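Take a look at the letters that make up each chain.
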Amino acid sequence: MPKILPLFTKALTDSWRSTLAWALGLTAAIMLYLPLYPSIGGNSQMQDLINALPPEMTKALNYDQIATGPGYTQATLFGLIGFLLMSMASVGWGAAAVGGDEESGLLELTLAHSVTRVQVVLERAFALIVRTVVLSALVFLLVLVLNRPSELGIDVGHLFGAVVLFAALALLSGTAALCAGALTGRKVYGIAAGAAVAVLGYVFNAVGRQSPDVDWLLNLSPYHWAYGNSPVTNGADWGAAWGLLGISAALVAVGAAALQRRDVGV
């Protein structure tokens, strides 16, 4: 009897250690940052220190939001350390999904076992989605648990929307890496493409917030699409969420079409 989604299942089982490692990293970051808020939020000395920093720096790091619990969580977790960790995980998985296997010669072996090239891309993209959802669900639960003890005052509905955007933003970098790997057959190009989406999105947001003269850069920043509305504070922009997910779906489709059409080499 043929297995259901064999490549998806193998991708998940082969990567459980890395999934656990990223989960522990996110847990450590949350446990380190969020419990500090009670000593920071109402601390006038801390606010004076933030006010003394160059406005360009506070805007670039989103530190202009940390006076409230939702703003602090948005700036430190979703907008910085969590964004960094999730992007790194997603890009690594996406780049290895096709490009990494092709470089190592395993893709030819996989294709010899009565699976199609489109199936390879779609099932491994599905595995990427599931791992991203699992890590995002962990973030949601941990923030929810710490919400009251850490005096964050986050609305649960707003938190859910922020986590959806958090996952969609990470998934965009991951699917860009997967697509580039499928297009080129090289893991390094996948990493470069996924990292470019994450880094340029962050940089365009940071620079675009500095002056009205360059705020057009915000329109080019997936980071700003997701977080420009400060979803932890104000709730999710669901149009942005669907837009990010739609682009990810298109990248997977392009990757599947590209792998279907080109020769696979070592």
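Quick notes on the rules
- Residue positions within a chain follow its written sequence, with the count starting from 1.
- Where totals are concerned, whole chains, interfaces and linings use all residues; where local detail is concerned, this predicted model gives features only for residues with pLDDT of at least 70, and gives and counts side-chain atom pairs only at 80 or more.
- The basis for the side-chain values is all heavy atoms of the structure; hydrogens and waters are excluded.
- Here a Phe, Tyr or Trp ring, Trp counted by its six-membered ring, pairs with any other such ring whose centre lies within 6.5 Å, and the pair is stacked when the planes are under 30 degrees apart, edge-to-face when over 60, and tilted otherwise.
- Secondary structure elements follow DSSP: runs of H or I no shorter than four residues count as helices, runs of E no shorter than two count as strands, and numbering proceeds from the N terminus.
- Any residue under 20% of the maximum accessible area for its type is buried, any over 50% is exposed, and the rest in between are partly exposed; the area is computed with a 1.4 Å probe on protein chains only.
- Here a cavity denotes a set of grid points, spaced 1 Å apart and computed over the protein atoms alone, in which a 1.4 Å probe fits but from which it cannot get out, and a pocket denotes an open set meeting protein on both sides within 12 Å along at least five of seven lines; residues with an atom within 4 Å of a point are reported as lining.
- Grid points are joined across faces, edges and corners, and a volume is the space filled by probe spheres set on the points.
- As a working rule, the residues Ala, Val, Leu, Ile, Met, Phe, Trp, Tyr, Cys and Pro are called nonpolar, Asp, Glu, Lys and Arg charged, and the rest polar, with Gly in that last group.
- Think of each axis as a best-fit line through the C-alpha atoms, taken over the contacting stretch in the case of a helix, with angles from 0 to 180 degrees between the N-to-C directions.
- For classification, angles of less than 35 degrees are called roughly parallel, those exceeding 145 degrees roughly antiparallel, those between 65 and 115 degrees roughly perpendicular, and all remaining angles oblique.
- A clockwise turn of the near helix away from the far one marks a right-handed crossing, whereas an anticlockwise turn of less than a right angle marks a left-handed crossing.
- Residues count as neighbours in contact if any of their non-hydrogen atoms are within 4.5 Å of one another.
- Each salt bridge in this description consists of a side-chain nitrogen of Lys or Arg and a carboxyl oxygen of Asp or Glu lying within 4 Å of one another.
- Polar contact is defined as a pair of N or O atoms within 3.5 Å, subject to the rule that within protein one atom must be able to donate a hydrogen and the other to accept it, and that residues adjacent in sequence are counted only when both atoms are side-chain atoms.
- Given a helix with a known number of residues, its expected span is that number minus one, times 1.5 Å.
- Nine residue types can take part in a nonpolar core, namely buried Ala, Val, Leu, Ile, Met, Phe, Trp, Tyr and Cys, and a core is a set of them joined through side-chain atoms within 4.5 Å.

## Structural notes on the packing of aromatic side chains
- Evaluated as defined, the whole model comprises nine aromatic pairs.
- On the numbers, 6.1 Å between centres and 20 degrees between planes, the contact of F83 with Y202 is stacked. Here F83 is found in helix α6 (residues 69-104), whereas its partner Y202 is found in helix α10 (residues 187-208), with 119 residues between them in sequence.
- For Y202, a relative accessible area of 19% translates into the label buried.
- Consider the rings of F140 and F160, whose centres lie 6.3 Å apart with planes at 90 degrees: the pair is edge-to-face. With a gap of 20 residues between them, F140 in helix α8 (residues 117-147) and F160 in helix α9 (residues 156-184) connect regions that are remote in the sequence.
- Residue class for F140 comes out buried when judged on its relative accessible area of 18%.

## Topic: the layout of surface pockets
- The calculated volume of the largest pocket comes to roughly 600 Å³.
- What lines the largest pocket is a set of 20 residues, among which K10, D14, D101, T110 and R124 lie closest to the centre.
- Mapped onto the lining of the largest pocket, the elements with two or more residues apiece are α1 (6-14), α6, α7 (106-111) and α8.
- Here the lining of the largest pocket takes six residues from α1, the largest share from any one element.
- Counted by class, the lining of the largest pocket contains nine nonpolar, five polar and six charged residues.
- Counted as a void, the second largest pocket has a volume near 180 Å³.
- Contributing to the lining of the second largest pocket are L80, F83, L84, S87, M88, V91, A195, A198, V199 and Y202.
- Those elements that provide at least two residues to the lining of the second largest pocket are α6 and α10.

## Quick look at the packing of α9 against α10
- Running from N to C, α9 and α10 cross one another at 150 degrees; their axes reach a closest spacing of 7 Å. Viewed along their axes, α9 and α10 adopt a mutual orientation that is roughly antiparallel. Taken as a pair, α9 and α10 cross one another with a handedness that is right-handed. Of the residues in α10, those in contact with L172, S173, A176, A177, A180, G181 and T184 of α9 are Y189, G190, A193, G194, V197 and A198.
- Residue composition of the contact of α9 with α10, by class: eight nonpolar, five polar and no charged.

## Examining the pattern of salt bridges
- In total, this model carries two salt bridges according to the counting rule given.
- One salt bridge in this structure joins D14 and K10, with 2.6 Å as the shortest N-O distance. Placement of both D14 and K10 in helix α1 is noted, with a separation of four residues, approximately one turn of the helix.

## Quick look at the side chain of S87
- Positionally, S87 belongs in helix α6.
- A polar contact is formed between the side chain of S87 and the backbone oxygen of F83, at a distance of 2.8 Å.

## Considerations on α9
- Here α9 spans 42 Å end to end across 29 residues, near enough to the 42 Å set by a 1.5 Å rise per residue.
- Here α9 lies mainly inside the structure; 22 of its 29 residues are buried.
- You can read the cap of α9 off the contacts: a side-chain oxygen lies 2.9 Å from the backbone nitrogen of G157, and it is on D155.

## Structural notes on the packing of α8 against α9
- Two elements in contact, α8 and α9, have axes whose closest approach is 9 Å; the angle formed by their N-to-C orientations is 150 degrees. One finds that α8 runs roughly antiparallel with respect to α9. Once α8 is placed against α9, the crossing between them reads as right-handed. Residues V121, R124, A125, L128, I129, T132, S136, V139, F140, V143 and L144 of α8 lie in contact with α9, whose contacting residues are V156, L159, F160, V163, F166, A167, A170, L171, G174, T175 and L178.
- When its residues are assigned to classes, the contact of α8 with α9 shows 17 nonpolar, four polar and one charged.

## Observations concerning the side chain of S173
- Its location among the elements puts S173 in helix α9.
- In this structure S173 touches S90, V91, G194, V197 and A198, once residues within four positions along its chain are discounted.

## Points about α10
- The terminal C-alpha atoms of α10, which comprises 22 residues, lie 31 Å apart, in line with the 32 Å expected from a rise of 1.5 Å per residue.
- For α10, every residue scored as buried is listed here: G190, G194, A198, G201, Y202, N205, A206 and G208.

## Focus on the nonpolar core
- L34, L77, F78 and V139 are the most contacted members of the largest nonpolar core, which has 48 residues in total.
- Those residues within four positions of L77 in sequence are excluded, and the remaining contacts are I30, L34, Y72, G82, F83, V139 and V143.
- Ranked by size, the runner-up nonpolar core spans 14 residues in total, among them L7, V121, L259 and V264.

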